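Listed below, chain by chain, are the residues.
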Amino acid sequence: MLDLEVVPERSLGNEQWEFNLAFPLQMKVAILQKHCRIIKNVQVLYSEQSPLSHDLILNLTQDGIKLLFDAFNQRLKVIEVYDLTKVKLKYCGVHFNSQAIAPTIEQIDQSFGATHPGVYNSAEQLFHLNFRGLSFSFQLDSWAETPKYEPNFAHGLASLQIPHGATVKRMYIYNGNSLQDTKAPLMPLSCFLGNVYAENIDVLRDGTGPSGLRLRLLTAGCGPGVLADAKMRVFERYVYFGDSCQDVLSTLGSPHKVFYKSEDKMKIHSPSPHKQVPSKCNDYFFNYFTLGVDILFDANTHKVKKFVLHTNYPGHYNFNIYHRCDFKIPLAIKRDSADSLTETCTTYSKWDSIQDLLGHPVEKPVVLHRSSSPNNTNPFGSTFCFGLQRMIFEVMQNNHIASVTLYGPARPCSQLRTSDLSQ
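Residues numbered from 1 in each chain as written. Predicted model: local features only at pLDDT ≥ 70, side-chain atom pairs only at ≥ 80, totals over all residues. Heavy atoms only, no water.

The chain carries the name Phagophore assembly factor 1 in an unreviewed UniProt entry, which gives Pelodiscus sinensis as its organism. Within the UniProt record for the chain, the comment given under Sequence similarities (unreviewed entry) is "Belongs to the PHAF1 family." (UniProt positions renumbered as here; feature names shortened; annotations may be inferred.)

Asks: For this particular structure, what's the right way to read the environment of Ser 403?
Replies: Mapped onto the secondary structure, Ser 403 falls in strand S26 (residues 401–407). For Ser 403, a relative accessible area of 4% translates into the label buried. It is 8.2 Å that separates the C-alpha atoms of Ser 403 and Asn 312, two residues lying 91 residues apart in sequence. Separated by 2.7 Å, the side chains of Ser 403 and Glu 394 make a polar contact. (Helix = DSSP H or I, 4+ residues; strand = E, 2+ residues; numbered from the N terminus. Buried < 20%, exposed > 50% of the residue type's maximum accessible area, 1.4 Å probe, protein only. Polar contact = N/O pair within 3.5 Å; in protein donor to acceptor, adjacent residues only side chain to side chain.)

Asks: What's the story with the environment of Ile 401 in this structure? I'm lost.
Replies: Looking at the secondary structure, you find Ile 401 in strand S26. Setting aside chain neighbours within four positions, we find Ile 401 in contact with Thr 311, Tyr 313, Cys 345, Thr 346, Ser 349, Ile 354, Phe 393 and Glu 394. (Contact = heavy atoms within 4.5 Å.)

Asks: Can you walk me through the nonpolar core in this structure?
Replies: For soluble globular proteins, nonpolar side chains are generally found buried alongside one another. By size, the foremost hydrophobic cluster in this structure holds 42 residues, and its most contacted members are Phe 19, Leu 89, Phe 136 and Phe 138. At four residues, the largest contribution of residues to this core is made by helix H1 (residues 25–34). Of all hydrophobic cores here, the second largest spans 39 residues; its members include Leu 252, Tyr 284, Val 304 and Cys 345. (Core = buried A, V, L, I, M, F, W, Y, C linked by side-chain atoms within 4.5 Å.)

Asks: Quick question: what am I supposed to make of unusual backbone geometry here?
Replies: Most peptide bonds take the trans configuration, and most residues that are not glycine carry a negative phi. Of note in this structure, Cys 92 is not a glycine but carries a positive phi near 55 degrees. We classify Cys 92 as exposed; its relative accessible area is 57%. Notably, Gln 125 is not glycine yet its phi reads approximately 55 degrees, a positive angle. Tracing the chain through its elements places Gln 125 in the loop between strand S10 (119–121) and strand S11 (126–131). Owing to a relative accessible area of 24%, Gln 125 belongs among the partly exposed residues under this scheme.

Asks: Sorry if this is basic, but what is going on with the pairing of S11 here?
Replies: As a general feature of sheets, a regular strand has side chains that alternate between the two faces. Of all the six residues making up S11, five are buried; the element is thus mostly covered by neighbouring parts of the structure. A loop of four residues connects S10 with S11, the two strands running antiparallel in sequence, and Gln 125 in this loop sits at a positive phi of about 55 degrees. By the bridge criterion, six bridges tie S11 to strand S12 (residues 134–139) in an arrangement that is antiparallel. Paired with Leu 129 across the two strands is Phe 136, which belongs to S12. Joining the antiparallel neighbours S11 and S12 is a turn of two residues, in which Gly 133 adopts a positive phi near 75 degrees. (Pairing = 2+ DSSP bridges.)

Asks: Hey, could you run me through a nonpolar patch on the surface in this one?
Replies: Residues Val 44, Tyr 46 and Phe 380 make up a contiguous nonpolar surface patch of about 250 Å² in total accessible area. The residue Phe 380 is located in the loop between strand S23 (366–368) and strand S24 (383–388) in this model. Residue classification places Phe 380 among the partly exposed positions, given a relative accessible area of 39%. (Patch = residues over 30% accessible without salt bridge, like charges linked within 9 Å, V, L, I, M, F, W, Y side chains within 5 Å. Areas by Shrake-Rupley, 256 points an atom, 1.4 Å probe, with all protein chains shown as cover. Salt bridge = Lys/Arg side-chain N within 4 Å of Asp/Glu carboxyl O.)

Asks: I keep staring at the packing of aromatic side chains and nothing clicks. Help me out?
Replies: Centre-to-centre distance and the angle between the planes together describe a pair of aromatic rings. One pass over the structure, following the stated rule, counts 21 aromatic pairs. Ring geometry for Phe 96 and Phe 136: centres 6.1 Å apart, planes at 90 degrees, overall edge-to-face. Linking Phe 96 in strand S9 (residues 94–97) with Phe 136 in strand S12, this pair joins segments that are 40 residues apart in sequence. Here Phe 112 and Phe 131 contribute two aromatic rings whose centre-to-centre distance is 5.7 Å and whose plane-to-plane angle is 40 degrees, an arrangement assigned as tilted. Here the residue Phe 112 occupies a position in helix H2 (residues 105–112), and Phe 131 occupies one in strand S11, the gap between them amounting to 19 residues. Comparing Phe 112 with Phe 131 shows no difference in burial state: the two are buried. Ring pairing ties together the aromatic residues Tyr 91, Phe 96, Phe 112, Phe 131 and Phe 136, which thus form one cluster. (Phe/Tyr/Trp six-rings, centres within 6.5 Å; stacked < 30°, edge-to-face > 60°.)

Asks: In this structure, what is going on with the sheet that holds strand S3 (residues 18–20)? I would like to understand it.
Replies: One key point about sheets: their strands pair by backbone hydrogen bonds, in either a parallel or an antiparallel sense. Read from one edge to the other, the open sheet built from five strands follows the order S3-S2-S1-S8-S9, with strand pairing classed as mixed. The sheet terminates laterally at S3 and S9, the two strands that pair on one side only. Going across the sheet, the axis of each strand differs from the next one's by a mean of 30 degrees, ignoring polarity. Pairing of strand S1 (residues 2–7) with strand S8 (residues 87–91) involves four bridges; the strand directions are parallel. If you follow Leu 4 over to S8, its bridge partner there is Leu 89. Each of S8 and S9 is contacted by H2, which is oriented at about 155 degrees to S9, the strand it contacts most. (Axes fitted to C-alpha atoms, helices over the stretch in contact; angles between N-to-C directions.)

What follows is the structure, given as structure tokens:
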């Protein structure tokens, strides 16, 4: 049985690890994987058809804990303990819930002190006792007691008093004063530890298609050996097609991983007559997992050849490998009665809406099967790749975009970057 410390508005954990509010999904999964011998039976719950309409949940079934992540920014928003019999809980080092201590209303008052009166929810038939960043839900012992706690009984005053002996059914840790209005806080400085995250990424384009990326990056720098002086820093960086490997390293820093392509499964769709000629050297990717971006370099010239932007939707084969890339892509929309317009595609756009903007049918997709080996099957099914304006949109079966691959002609190194001069 886990023995955990409750910190309102912040975390639930012990000396070895913590579930902190505002931390990204990938960090919480890493904790669960590291302590898999202690924390077992973890379920991932999400809406398959509408992943943005409901929170993404990690359910620790053995320990009675749910971690609720915001569907958009994928940071921890609420920690729910829904079965207090499976876990020990303490506040300021003193237990208020264990096998020997029942979490009654009297015990909660003794451990946490005074707060506002309880609120009775007739629909749930639960009392809610709220502190800042912490809520307890109590259930009545008998359904016969329910009528006297309705708001119209005794001028509504009866609902202020939680009955003696009532025990906690659920506990919630969140940010702010209201569980219903809470949002995932901004990432704390302890999330960074040398990592760089992308706040958002804009795709730059020329007359024919994408030309590069403008990345708005977040990092935390600190003074000489003083972690307490660490401050959040925001800065912009630009990467273009045709940039050299050294250019990218100096702009974005070292990648988390370098991956060499052993084969090109899309080569058969190339118009090149040399489809079956094996290459003497392999192109390679720079994988920036915290940015949600892959950059492909040509094996011969060592210049940027492609960008891949990942949306990290649950239900995709690569889910949880990358942080979500919050991108904006301008699309050229042709109209019969006017000049071409520009509309924006984002991480949260659906493919149907993009097709409606284009106003013309898109060619039939290429079906992409992903698997770890030829004998394994992908439990999430195939995805569909549509080519458009020097971009490939990988679309999931629920119409959400799994990734966008940008490609285009390489720019010569001697070409002057006017956007850099204006910074």
